[in-house]
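Below are the chains, spelled out letter by letter.
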Amino acid sequence: MRRISTLTACSVAAASLGLGLLATPAHAATVAVSNSTDLSNAIKNATAGTVIQVRGGTYYPTATLQSTANGTSSSPITLTAYGSETVKIDGSSLPSGSWIFKLTADYWNVSGITFQNSPDSAVVCQSCTGTNWNNIKTVNGGDSGFTLTGDGTVNNTVKNLDSYGNYDAATHGQNADGVAIKFGSGTGNRVTGARLFNNSDDGIDLWSFSSPVTIEHTWSFGNGKNRWGDLAFEGNGNGFKLGGNGVTVAHVVNNSAAWDNAGNGFTENSDTGAIVINRTTAYANAKWGYYFATSSAKLGRNLAVGNGSGQVGKGSKVTSAGNNWDSGISTPSFVSTDASTTYNARTTDGSLPTTTFLTTGSTTIGATMN
Ligand SMILES: [Ca+2]
Ligand SMILES: [Ca+2]
């Protein structure tokens, strides 16, 4: 097998960089790659401490990029764009049904990369522990953009993800979510700062994931609309789909917003657990802003306006306090209902773009939209 020239012994790499050897983990190496073959091999052959820097450009791998190599908590494996260069990994040359990137591995840090035009799901992390995903984009794929799945899915953080335009044509849009955390278990998983929009199915879907997931500072909008001229379209279009398949689990959503989705803004989807939803906003979704018929959800200080079926549909087990549908709570006015700025580029640190859309200035109710 051809070795990547930059995968040199750690002592040589460290010496050439003028680094102190004591600070360098054994066998760690920094690998800069600029073609798909080297990228594939670097991912496959990584070991704890390996840093893979991907040079700017668009890559067209012909097989799924995948690894079962584990980092450690103190010596993770890093896959990142080189400097501030723009890196896109495009699935157009993959066999049908392929994913672009699959990890069955622990302690990876992946950042600054766009995964686009996947034949199927773009990024799948299966039974992963301790992975960090920063400023990733999953765009225009053939199934869900970003997926965590499997038992042993523990302490993973998805930060500042953009996932949009995903559509499963063969199944008429019924599956492709922006984020899917489905069919698995494990604690400590968190999604923050995500924009999940214009996907054929849901913004985020926690179907049959049996441990609590935390979602915060996340916007989910425009999902479940037939944007593909599909005559048998089946997308659901929930902003936040917080269960499914009979699991009972207390997922948590804080300071997030759902608007303009074809389904509900926030919904249990058969999860009977004590789902916690605080300071979120549901605006102009086609169905309910909040739909919790059978769960023991705890809804606090949420703001629902202009949703088609109504602001809240809740069963007798729901705890509801401080929301604008509760008695004695007033509805603050939105500073803006023009969503155009929500599509803007992120700030230089990767945070959500600055917007006044759906802000109210309230310190007590609704999402702060940042
Ligand atoms: Ca669906
Ligand atoms: Ca879904």
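In this text the structure is predicted, and so the values were computed from the model without any measurement.

**Student:** Even after reading the chapter, I still don't get the sheet that holds strand 21 (residues 219-221), so can you show me in this structure?
**Tutor:** Strand pairs in the sheet, formed through backbone hydrogen bonds, run parallel or antiparallel to each other. Ordered by their spatial adjacency, ten strands build an open sheet running 3-6-9-12-15-18-21-24-27-30, and the pairing between neighbours is parallel. The sheet is open, and its two edges are formed by strand 3 (57-59) and strand 30 (303-305), each paired on a single side. Direction aside, neighbouring strands of the sheet carry axes that sit 10 degrees apart on average. Sheet topology places strand 9 (residues 113-116) next to strand 12 (residues 137-139); three bridges connect them, and they run parallel. Counterpart to F115 in the pairing with strand 12 is T138.

**Student:** Could you clarify how one ought to interpret unusual backbone geometry in this entry?
**Tutor:** When glycine is set aside, most residues are seen to have a negative phi, and most peptide bonds are trans. Although it is not a glycine, R279 sits at a positive phi angle of roughly 45 degrees. In this structure, R279 sits in the loop between strand 26 (276-278) and strand 27 (281-283). Residue R279 is classed as buried on the basis of its 23 C-beta neighbours within 10 Å. We note that M369 has phi near 65 degrees; this positive angle belongs to a residue other than glycine. Mapped onto the secondary structure, M369 falls in the segment after strand 32 (319-321).

**Student:** I'm lost on the nonpolar core in this one. Help?
**Tutor:** General note: in soluble globular proteins, nonpolar side chains tend to be found buried as a group. Ranked by size, the top nonpolar core spans 82 residues in total, and within it I52, I100, V123, V179, F266, Y290 and L358 carry the most contacts. For this core, the element with the highest residue contribution is strand 28 (residues 288-292), accounting for four residues. A domain-level breakdown of this core finds at least three residues from each of domain 1 (1-87 + 103-113) and domain 2 (129-370).

**Student:** Help me understand the pairing of strand 28, please; the structure alone is not making it clear to me.
**Tutor:** The side chains of a regular strand alternate, residue by residue, between the two faces of the sheet. Counting buried positions along strand 28 gives five out of five residues, so the element sits mostly inside the fold. Examined bridge by bridge, strand 25 (residues 266-267) and strand 28 share two bridges and lie parallel to one another. Counted as the bridge partner of F266 is Y290 from strand 28. Pairing of strand 28 with strand 31 (residues 310-314), which is carried by four bridges, proceeds in the parallel orientation. Opposite F292, over in strand 31, you have K314 as the bridge partner.

**Student:** I keep staring at the UniProt feature "domain: Pel9A-like right handed beta-helix region" (unreviewed entry) in the protein and nothing clicks. Help me out?
**Tutor:** As annotated by UniProt and renumbered to match this structure, "domain: Pel9A-like right handed beta-helix region" (unreviewed entry) occupies residues 125-286. The distance from the first to the last C-alpha atom of residues 125-286 is 32 Å, and the span holds 0% helix and 35% strand.

**Student:** So what exactly am I meant to see when it comes to the domain arrangement of the protein here?
**Tutor:** When the parts of a complex come together, some accessible area is lost, and that lost area is often used as the size of the interface. Per the domain assignment, the segments making up the protein are domain 1 (1-87 + 103-113) and domain 2 (129-370). Of note, the centres of domain 1 and domain 2, computed from C-alpha atoms alone, are 33 Å apart. Across the contact, ten residues belong to domain 1 and eight residues belong to domain 2. It is strand 8 (residues 108-111) that provides the largest number of residues to the side of domain 1 that touches domain 2, a total of four residues.

**Student:** When you look at helix 2 (residues 36-45) in this model, what are you seeing that I'm missing?
**Tutor:** Since one α-helical turn is 3.6 residues long, residues separated by three or four positions face the same way. Among the residues making up helix 2, those that are buried are D38, L39, A42 and I43. Burial along helix 2 is one-sided: seen end-on, the buried residues are contained in an arc of 130 degrees. Turning to helix 2, the residues buried within the fold contact strand 1 (30-33), strand 2 (51-54), strand 3, strand 4 (65-67) and strand 5 (77-81).

**Student:** What am I meant to see in the environment of I113 here?
**Tutor:** Among the secondary structure elements, I113 is positioned in strand 9. For the pair I113 and K44, spaced 69 residues apart in sequence, the C-alpha separation works out to 17 Å. Apart from the residues lying within four places of it in its own chain, the contact partners of I113 are V54, A81, V87, I89 and I136.

Parameters and conventions
- Residues numbered from 1 in each chain as written.
- Chains lettered and ligands numbered in written order.
- Predicted model: local features only at pLDDT ≥ 70, side-chain atom pairs only at ≥ 80, totals over all residues.
- Pairing = 2+ DSSP bridges.
- Helix = DSSP H or I, 4+ residues; strand = E, 2+ residues; numbered from the N terminus.
- Axes fitted to C-alpha atoms, helices over the stretch in contact; angles between N-to-C directions.
- Buried ≥ 20, exposed ≤ 12 C-beta atoms within 10 Å, placed from the backbone.
- Core = buried A, V, L, I, M, F, W, Y, C linked by C-beta atoms within 7 Å.
- Domains from an automatic or database assignment.
- UniProt positions renumbered as here; feature names shortened; annotations may be inferred.
- Contact = placed C-beta atoms within 7 Å.
- Arc of directions from axis to C-beta.

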